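# Understanding the architecture of this molecule
So the chains spell out like this:
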Amino acid sequence: MNRVLMILLILTTGGIKLSAQTKGKNAPAAKSQVVTGAVMANGKKIYGQYCLACHMADGGGVPNMNPPLSKTSHVLGDKERLIKVILNGLATGEEIDGETYTNIMPPHNFLKDQEIADVLSYVRNSFGNKAGGISVGEVKAIRAKNIKK
Amino acid sequence: MKKILLIPILLSALAFFTLFAFRDSSLGGPKPDADNVGLKLPEGFGALKVADIGAKARHLVVTPQGIIYVKLARVKEEKGIIVLKENSEGKAQVTGGFGNYGGTGIYMKDGYLYASSNKEVFRYKLNEKNEVIDPNNPETIVKGLKMGRQHETKSLVMDNDGNIYVNIGVPSNSCQEQDRGLRSPGIPGCPLLDSAAGIWQFKKDKLNQSYSEGVRYATGLRNVVGLDWNQQNNQLYVMQHGRDNLNSAWPELYNTKESAELPAECLYALKKGDNAGWPFMYYDGIQGKKIVAPEYGGNKKKEADPKYLDPVVAFPAHMAPNGLLFYTGKMFPEKYRNGAFIAFHGSWNRAPEPQKGFFVAFQPFKDGKPSGEWEIFADNFAGTPEKAAMNKADHRPCGLAQGADGSLYVTDDSKGTIYRIVYSKK
């Protein structure tokens, strides 16, 4: 548990450092907490292309089939779990806040780190959600760990 | 003098009133609710709310004695079948329940109630009042059926020759290597077809059957929820849930508009050995053609092998037909006799285009064949057109049943409302 916390701490501070270094050039996406208008705009575009067909324009999902993205523990909770849903898809049939969903989500690992960071930042700040953004660094780190498996 | 005159007048008025009131209720049967439970219906029809059971109500059976058996998608308080009893006004109370398993299929025939979990079919012996005699000890008729996460339900229906037909939906959208994946190709030959994506036939009174005792009656059907035995043709009819994700999996071939309108939701009349072509093809209702699926070399235009079965009716895409019922009652006008009612649960895979469905449609039949265009029969389960367009429906029609008097019952698997549609114009 402590190790996980340590890793998270390192990742978060790493992300902030990275954002400080690249400020100006690549500022919007690199920031880990504050989500800018540019990130939201790009995130919305990616959402429309890859997510909306199943999760709906308002993030409401489809009862029993595709989970909603508004105020659910998977979206607002652990960032690593959320990033892994994008990378690996979700096919376990696990309960999400007391409901189950039948459709399989395919892996979306073809999306670039930047795209994943932006779309997740968008999702975490849309549909009534209010949570910190997700940085490119966070996605990169988890993708690196994910590949080893 | 005045008093003496008044008594016979009062008495006759009372007699007249009683007679009139009695006559009225005995003729009319259950009366529609003032608002028709929010439904939009053709002239002369009305609807009443039989009950709200607050559970995912799938298919149902209504007995001539006014007992209603409702199959629940998910068990509620250890009950997967809810029992209700109607009063003379047509309003029903929950009187109990049994069957600790979720599922969709339920059917009554020849003194038994048959019900399915997502892997098995059970049956319960009924007494002469159509009450289940021993709810805790059903016989297992079929077991060990495949069940994936999607298309897991096992709808069922029976013919008049001792056979039961069970849908085994396939846990896949279009048999891609990565289900619903971007540009993922189809698995050659689609091996899933050996034990799913079809209708299997079993004997209605043989215990513990599974694949080896059953017959794959028809194949190439992705998933069927609504099905019925057409008594006029003595034939099985099924409504297929057509494939999804043409745009999200093949964005270079299909734009979002085309993806919303393709493929058609098809009504098939099945004979033993038929193949409806999933996953190798889909039916394009706009071109009226069978088209090779993009996973198997299709390019949106290339026509499929003509050996695959043609639908008898093609409905708009993605509306999710969950109930099919051939109407044999006498209550509704002549045009409805032997025609098909279809409960469309409502679409999701039309986004970003507006969603469609959330109604009960009617397809007229004449001499055992579709005759004329289908029409929307009962609309506005969603509450408003906006809620339907957004997939924010208040209610989602699922199961259909015919009452002894010819009423049409409809379940809603969102909030558990049970509707009864009656015809009152004489």
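For the structure itself, consult the block above.
Residues numbered from 1 in each chain as written. Chains lettered and ligands numbered in written order. Predicted model: local features only at pLDDT ≥ 70, side-chain atom pairs only at ≥ 80, totals over all residues. Heavy atoms only, no water.

Looking only at helix α6 (residues 79-88) of chain A, the buried set comprises K79(A), L82(A), I83(A), V85(A), I86(A) and L87(A). Where α6(A) starts, the residue carrying a side-chain oxygen 3.2 Å from the main-chain nitrogen of E80(A) turns out to be D78(A). (Buried < 20%, exposed > 50% of the residue type's maximum accessible area, 1.4 Å probe, protein only. Helix = DSSP H or I, 4+ residues; strand = E, 2+ residues; numbered from the N terminus. Polar contact = N/O pair within 3.5 Å; in protein donor to acceptor, adjacent residues only side chain to side chain.)

By volume, the largest pocket amounts to about 820 Å³. Lining the largest pocket are 39 residues, with N64(A), M65(A), T102(A), E152(B) and T153(B) sitting closest to its centre. Classifying every residue of the lining of the largest pocket gives 10 nonpolar, 19 polar and 10 charged. Taken as a whole, the second largest pocket holds about 640 Å³ of empty space. If you trace the second largest pocket, you find 28 residues lining it, with Y107(B), D228(B), L325(B), A401(B) and Q402(B) closest to the centre. Elements that contribute at least two residues to the lining of the second largest pocket include exactly β2 (57-62), β6 (106-109), β10 (156-158), β14 (224-230), β21 (321-326) and β27 (397-402) of chain B. Broken down by element, the lining of the second largest pocket gets its largest block of residues, 5 residues, from β14(B). Each residue belonging to the lining of the second largest pocket can be placed in one class, and the counts come to 17 nonpolar, 9 polar and 2 charged. (1 Å grid on protein atoms, 1.4 Å probe; cavity = no way out; pocket = protein on both sides within 12 Å on 5 of 7 lines; lining within 4 Å. Points joined across faces, edges and corners; volume = space filled by probe spheres on them. Nonpolar A, V, L, I, M, F, W, Y, C, P; charged D, E, K, R; others polar.)

So, about unusual backbone geometry. Residues and elements named next belong to chain B. Cis geometry is found at the peptide bond from L262 to P263, where omega equals -10°. With respect to the element layout, P263 can be found in the loop between α3 (256-261) and β16 (265-270). The step from W278 to P279 runs through a cis peptide bond, and the omega angle for that step is 0°. Inspection of the secondary structure puts P279 in the loop between β17 (274-275) and β18 (281-284).

This part covers the packing of aromatic side chains. Residue and element names in this part refer to chain B. For the structure shown, the criterion picks out 35 aromatic pairs over all chains. Ring geometry for Y101 against F122: centres 4.8 Å apart, planes inclined by 45°, an arrangement best described as tilted. Taken together, the residues Y101 in the loop between β5 (92-98) and β6 and F122 in strand β8 (residues 121-125) connect sequence positions 21 residues apart. For F122, a relative accessible area of 11% translates into the label buried. Cluster of aromatic residues (ring-pair linked, three or more members): F45, Y327, F332, Y336, F341, F362, F377 and Y423. Over the face of the ring belonging to Y112 we find R123, whose NZ or CZ atom lies 3.7 Å from the ring centre. (Phe/Tyr/Trp six-rings, centres within 6.5 Å; stacked < 30°, edge-to-face > 60°. Lys NZ or Arg CZ within 6 Å of the ring centre and 35° of its normal.)

The next subject is the side chain of T411(B). Residue and element names in this part refer to chain B. Secondary-structure assignment places T411 in strand β28 (residues 408-412). Accessibility expressed as a relative area gives 0% for T411, which makes it buried. Among the polar contacts listed, one links the side chain of T411 to the backbone oxygen of A57, at a separation of 3.4 Å. Side-chain polar atoms of T411 contact the backbone nitrogen of G399, separated by 2.7 Å. Here T411 is in contact with A57, R58, L60, V70, R396, P397, C398, G399, T417 and I418, once residues within four sequence places are set aside. (Contact = heavy atoms within 4.5 Å.)

Take empty space enclosed by the protein next. Rolled over the atoms, a probe as big as a water molecule pinpoints where empty space is left. A full pass over the atoms with the stated rule returns 2 cavities of 30 Å³ or more. Approximately 590 Å³ is the volume attributed to the largest cavity. In terms of lining residues, the largest cavity is bounded by 39 residues, among which C54(A), H55(A), V85(A), M105(A) and H108(A) are the most central. Here the second largest cavity is characterised by a volume of approximately 110 Å³. In terms of lining residues, the second largest cavity is bounded by 17 residues, among which Q240(B), R243(B), W278(B), M281(B) and Y282(B) are the most central. Contributing elements (two or more residues each) for the lining of the second largest cavity: β16 and β18 of chain B. Broken down by element, the residue count for the lining of the second largest cavity peaks at 3 residues, all from β18(B).

Quick look at the interface of chain A and chain B now. Opposite the 26 residues of chain A that make contact, chain B presents 20 residues. Carbon and sulfur atoms supply 54% of the area that chain A and chain B bury against each other, a total of about 1900 Å² over both sides. Where chain A touches chain B, the interface holds 4 salt bridges. In this structure, E99(A) engages K56(B) in a salt bridge whose closest nitrogen and oxygen atoms are separated by 3.0 Å. Linking chain A with chain B are 8 residue pairs in polar contact (both at pLDDT 80 or more), by the criterion used here. Within the side of chain A that touches chain B, the residues separate by chemical class into 14 nonpolar, 9 polar and 3 charged. (Buried area = accessible area lost by both parts, 1.4 Å probe. Salt bridge = Lys/Arg side-chain N within 4 Å of Asp/Glu carboxyl O.)

This part covers the state of the cysteines. Residues and elements named next belong to chain B. Counting across every chain of the model gives 1 disulfide over all chains. A sulfur-sulfur distance of 2.1 Å marks the disulfide that ties C175 to C190. Taking the sign of the S-S torsion, about 95° here, the bridge from C175 to C190 comes out right-handed. Of this pair, C175 sits in the loop between β11 (163-168) and β12 (198-203) while C190 sits in the loop between β11 and β12, and the two are 15 residues apart along the sequence. When sorted by exposure, C175 lands in the same class as C190, which is buried. (Disulfide = S-S within 2.5 Å.)

Side-chain positions along a regular strand alternate between the two faces of the sheet. Residues and elements named next belong to chain B. Counted residue by residue, β14 has 7 buried out of 7 residues, so it is predominantly covered. As defined by bridge partners, β14 adjoins strand β15 (residues 235-240) across 5 bridges and the pair is classed as antiparallel. The residue of β15 that forms the bridge with W229 is L236. (Pairing = 2+ DSSP bridges.)

Residue and element names in this part refer to chain A. Here helix α3 (residues 37-50) contains 14 residues, and its C-alpha end-to-end distance of 20 Å stays within 8% of the 20 Å for a straight helix at 1.5 Å per residue. Within α3 the residues assigned to the buried category are V39, G43, I46 and Y47. Angularly, the buried residues of α3 cover 105° about the axis, an arc narrow enough to put them on a single face. Facing away from the buried side of α3, by more than 90 degrees, are the exposed residues G37, A41, K44 and K45. (Expected span 1.5 Å × (residues − 1). Arc of directions from axis to C-beta.)

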